[in-house]
Amino acid sequence: MLIVPIKDGENIERALKRYKRKFDRTGARRALQSRKHYNKPSVARRAQLQKAQYVQKLRDAESI
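Residues numbered from 1 in each chain as written. Predicted model: local features only at pLDDT ≥ 70, side-chain atom pairs only at ≥ 80, totals over all residues. Heavy atoms only, no water.

With that settled, consider the environment of Val55. With respect to the helices and strands, Val55 occurs in helix H3 (residues 41-63). In sequence terms Val55 and Asp8 are 47 residues apart; their C-alpha atoms lie 46 Å from each other. (Helix = DSSP H or I, 4+ residues; strand = E, 2+ residues; numbered from the N terminus.)

Attention now goes to the pattern of salt bridges. Under the counting rule described, the total for this entry stands at 2 salt bridges. Here Arg18 ties to Glu10 by a salt bridge, and the two come within 3.2 Å at their closest N and O atoms. A salt bridge links Arg29 to Asp24; the shortest N-O distance between them is 2.3 Å. Judged by its relative accessible area of 44%, Arg29 is partly exposed. (Salt bridge = Lys/Arg side-chain N within 4 Å of Asp/Glu carboxyl O. Buried < 20%, exposed > 50% of the residue type's maximum accessible area, 1.4 Å probe, protein only.)

On average, residues of the chain carry a pLDDT of 91, and 100% of them reach 70 or more. Per-element confidence in the chain is highest for H3, whose mean pLDDT is 95, and lowest for helix H2 (residues 28-36), whose mean pLDDT is 86. (pLDDT = per-residue confidence, 0-100.)

Here's what the structure looks like:
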């Protein structure tokens, strides 16, 4: 559980913003989304390879 202490005189909007930032940094949302559906290991590996190929293609195009 995430705990965000609110300082004296601090705006609730600011505290909420700190909470959201902390939540994003922990990777909790990403973990929840990944557990939402089961992906076979072969499918996950294939997606990872496709992403790597895409990134490499972008880097090659940038260097030209």
